[in-house]
Amino acid sequence: MTNMQTDPRPTHANADHPTVPRPKIGVLLANLGTPDNYDYWSMRRYLSEFLSDQRVIDYPTWKWQPLLQLIILTKRPFTSGAAYKSIWNHAENESPLMTITKAQTAKIKAEMAEAYGENVMVDFCMRYGNPSTQSKVDAMVKAGCQKILFFPLYPQYAGATSATACDKFFEALSRQKWQPASRTVQPYFDRPDYIDALAQSIEAKYATLESRPDILVCSYHGVPQRYLMEGDPYHCHCQKTTRLLKERLGWADTEITTTFQSKFGPEEWLQPYTVEEVARLAEQGKKNIAICAPAFSADCIETLEEINEEIFESFEHAGGEVFTYIPCLNDDDAHINALSNVIRENLQGWI
Ligand SMILES: C=CC1=C(C)c2cc3[nH]c(cc4nc(cc5[nH]c(cc1n2)c(C)c5CCC(=O)O)C(CCC(=O)O)=C4C)c(C)c3C=C
Ligand SMILES: [Fe+2]
Ligand SMILES: [Fe+2]
């Protein structure tokens, strides 16, 4: 153990000294973010923050901002808002991504409490919207976290996800008077426990089906093809995730395939596009398909709405018959176990 229990510093404020809380370690989980609501202004605020991030859209500001603010953000908040409305968790008045991230955090918190007691504090933040990364870093520092492990919940690295989450974390650290020591978690797509959790979820779903799907489509969120050419390894991480999953399942090459979804804007994105590929598969006679989304640690608008509606419709219109969506790992025990293993390993030497 560290010197946590024996730390001699004062814990109570004197007239000339602030309160110094007992030292702790923070584990800060981070996901992408989601709008506070699906009305026009909530959507516009969220999309404006998201799409103004140069890690996401890297066009020069002078060119992009007029287009974004005057054209895209007059229309997209309505269409995206309607999509969010169709999947909204009305009971909690929040999006599914928020509900699932809270559930994951609660389970990981319980795992960490069992392992480390009160020495480790677990919370989550979002890159865009609420709860902000800054607010959670501030809260951890205030609570006495002198070390923070920052964990972007993306199995594969992408500049548009993992790196921008870390940028925001470092920005929040830069504003601390007493800056904690910090670590960031590397991509975890190739860990056997993570691949195993994915494989188990697929095996469990297949076991419930009347007939075995002709193929499993692993549909990853896309990024512009140009980002790959400029050095972003996201494409390779996605391809390798499918290969490791195929090997773990013991399947043939023909039983599983990789596609990319959620294209945004006119540029060419990573291909094949899921929406086109599922139609091609149906036309080739693969009328019974399953689809999973291994780039997402939690179900969200891109899985619940895009896959289950737009992508499903494309398959059906091309003659497809059976379409099985396999949910993300969300707060599955095997997923929580893999994420907790990642945390325990990254805390080594700190606790
Ligand atoms: C999982 C990895 C993700 C990558 C890579 C990614 C890249 C990326 N995304 C956009 C544009 C949008 N993405 C949107 C939603 C969204 N994206 C991810 C994940 C990745 N994005 C998630 C988890 C979500 C869902 C959030 C939720 O609240 O459920 C949206 C908003 C929805 C919409 O209006 O369509 C946009 C826009 C770009 C441009 C990009 C890469 C450059
Ligand atoms: Fe996205
Ligand atoms: Fe690649």
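In this text, all values refer to a predicted model and were calculated from it rather than measured experimentally.

**Student:** What am I meant to see in helix α1 (residues 40-51) here?
**Tutor:** What sets the pattern is the α-helix's 3.6 residues per turn: residues three or four places apart point alike. In this model α1 runs 16 Å from its N-terminal to its C-terminal C-alpha over 12 residues, within 8% of the 16 Å that 1.5 Å per residue would give. Of the residues making up α1, those classed as buried are Met43, Arg44, Tyr46, Leu47 and Leu51.

**Student:** Would you take a moment to explain the nonpolar core for this structure?
**Tutor:** Soluble globular proteins tend to pack their nonpolar side chains together in the buried interior. Ranked by internal contacts, the top residues of the largest apolar core, which has 89 residues, are Val27, Leu28, Ala30, Phe151 and Val278. Ranked by the residues each element gives to this core, the list is headed by strand β2 (residues 120-128), at 7 residues. If near-sequence neighbours (up to four positions away) are discounted, Val278 is found in contact with Val217, Ile289, Ile311, Ser314, Phe315 and Gly320.

**Student:** Any chance you could explain the domain arrangement of the chain here in plain terms?
**Tutor:** How big an interface is tends to be reported as the loss of accessible area on association of its parts. According to the domain assignment, the chain consists of domain 1 (35-87) and domain 2 (192-326). Taking only C-alpha atoms into account, the centre of domain 1 sits 26 Å from that of domain 2.

**Student:** Explain the UniProt feature "binding site: Fe(2+)" (unreviewed entry) in the chain here, please?
**Tutor:** Look at the UniProt record and you will see "binding site: Fe(2+)" (unreviewed entry) annotated at His221 and Glu302. Annotated residues spanning 82 residues; largest pairwise C-alpha distance 8.0 Å, indicating a single compact cluster. Relative to the assigned elements, His221 resides in strand β5 (residues 215-221). Structurally, Glu302 can be placed in helix α10 (residues 301-317). C-beta crowding within 10 Å serves as the criterion here: with 19 such atoms nearby, Glu302 is assigned to the partly exposed category. Residues contacting Glu302, with those up to four places away along its chain left out, are His221, Gln261, Ser262 and Phe296.

Criteria and thresholds
- Residues numbered from 1 in each chain as written.
- Chains lettered and ligands numbered in written order.
- Predicted model: local features only at pLDDT ≥ 70, side-chain atom pairs only at ≥ 80, totals over all residues.
- Helix = DSSP H or I, 4+ residues; strand = E, 2+ residues; numbered from the N terminus.
- Expected span 1.5 Å × (residues − 1).
- Buried ≥ 20, exposed ≤ 12 C-beta atoms within 10 Å, placed from the backbone.
- Core = buried A, V, L, I, M, F, W, Y, C linked by C-beta atoms within 7 Å.
- Contact = placed C-beta atoms within 7 Å.
- Domains from an automatic or database assignment.
- UniProt positions renumbered as here; feature names shortened; annotations may be inferred.

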